[in-house]
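# Coordinate analysis (summary)
The lines below spell out each chain.
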Amino acid sequence: MRKNIVAGNWKMNTTLPEGLALAKDLDAALKGKTVNCDVVIGTPFTHLATVAAAIDTAKIGVAAENCADQEKGAYTGEVSAAMVASTGAKYVILGHSERRAYYHETAEILKTKVNLALANGLTPIFCIGEVLEEREAGKHFEVVEEQIKKSLFDLSVADFGKLVLAYEPVWAIGTGKTASSDQAQEIHAYIRKVIAGKYGQEVADNCSILYGGSCNASNAKELFSKPDVDGGLIGGASLGVDKFLPIIEAF
Ligand code: PGA
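Residues numbered from 1 in each chain as written. Predicted model: local features only at pLDDT ≥ 70, side-chain atom pairs only at ≥ 80, totals over all residues. Heavy atoms only, no water.

### What to know about the site of the ligand
Condition: Each residue is tested against the molecule or strand, and it is near if at least one of its non-hydrogen atoms lies within 4 Å. Between N or O atoms, a polar contact is any pair within 3.5 Å; within protein, one atom must be a potential hydrogen donor and the other a potential acceptor, and residues adjacent in sequence are included only when both atoms are from side chains. All accessible areas in this document rest on Shrake-Rupley with a 1.4 Å probe, and a residue is counted as covered only by the protein chains that are shown.
Lining the immediate environment of the ligand, one finds 13 residues, of which Lys 11, His 96, Glu 168, Gly 174 and Ser 214 sit closest. Measuring from an oxygen atom of the ligand, one finds a side-chain N or O atom of Asn 9 at 3.4 Å. One of the backbone nitrogen or oxygen atoms of Gly 235 is found 2.8 Å away from an oxygen atom of the ligand. Notes on the ligand: free accessible area 280 Å², of which the protein chains cover 94%.

Below is the structure:
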């Protein structure tokens, strides 16, 4: 059956010493503790190798927040999936709405990134979600369906089975406006139905679908209590152990 996962997304926050301290604090806080979910931290590229070497990666998976859409070569400033994998990171967040909006990542680019991530043994945490106008126009179901179909539906059953999805309504990210647990459940169930329609019920039932967008210690329990919400992708509240640990413990 699918896993419950709580994943942090640090975004462009923390210097290397700050990030290392945060990772070590989390590692220490989890030491000897039994938790009922997988824990992941998404750090800037510059932190990956140092963080992965400093913590128990059997307990805390490390994620990059992006990777290149090219394998290797003359792409100054880019970081490939193979490079990410060589740091000890096991995951890569792809398709985050900030990457789609500010860095013009299209469905086609993301499809290439997902393929490269999988080819290099990384688990993509693939983000989907609608903007406010789409939600208000009642288009959120078709928006997420298109995002899934365009970037992911050429994958084999075996490869699709390796993905983690994260539904993140853009209007909820960093705004303090969380989707209600019923809104999250409604669209997570829909996403699972879309997956089942293409890959079958078993693959859909085994796919972890995380919720992201102003998820915090006070709403995590309620969100995670929903049958199709398998955890969270946590931005702001992953930047301090005092805020992140209670979300992990919400399971
Ligand atoms: P937030 O960000 O928790 O700060 O809203 C979530 C995300 O963007 O992954």
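Next comes the rest of the account.
### Overview of the nonpolar core
To keep things clear, this is the line we draw: Within this scheme, the nonpolar core is defined by two criteria: the residues are buried Ala, Val, Leu, Ile, Met, Phe, Trp, Tyr or Cys, and they are joined through side-chain atoms within 4.5 Å. Using a 1.4 Å probe on the protein chains alone, a residue whose accessible area is under 20% of its type maximum counts as buried, one over 50% counts as exposed, and one in between counts as partly exposed. Every residue pair with non-hydrogen atoms within 4.5 Å of one another is taken to be in contact.
Residues Leu 152, Phe 160, Ile 191 and Ile 195 are the most contacted members of the largest nonpolar core, which totals 68 residues. The residues contacting Ile 191, other than those within four sequence positions of it, are Ile 128, Val 144, Ile 148, Leu 165, Tyr 167 and Ile 209. In this structure, Ile 5, Ala 7, Tyr 91 and Ala 166 belong to the second largest nonpolar core, which totals 12 residues.

### Some points on the sheet that holds strand 7 (residues 208–212)
Sheet strands pair via backbone hydrogen bonds, and the direction of the pair is either parallel or antiparallel. Our working rule: At least two DSSP bridges between two strands are required for those strands to pair. Secondary structure is summarised from DSSP: a helix means a run of H or I of at least four residues, a strand means a run of E of at least two, and numbering begins at the N terminus for each. Orientation is described by lines fitted to C-alpha atoms, with helices fitted over the stretch in contact, and by angles between N-to-C directions that extend from 0 to 180 degrees.
Strands sit in the order 1-2-3-4-5-6-7-8 around a closed barrel of 8 strands; the barrel is parallel. Between one strand axis and the next, the sheet turns through 25° on average, direction left out of account. The pairing of strand 2 (residues 38–42) with strand 3 (residues 60–64) spans 4 bridges and is classified as parallel. Bridge assignment links Gly 42 to a residue of strand 3, and that residue is Ala 63. Across the face of the sheet, helix 5 (residues 107–119) comes into contact with strand 4 (91–94) and strand 5 (123–128) while running at roughly 160° to strand 5. Most of the contacts of helix 9 (residues 181–199) go to strand 7, to which it runs at about 145°, and overall it touches strand 5, strand 6 (164–167) and strand 7.

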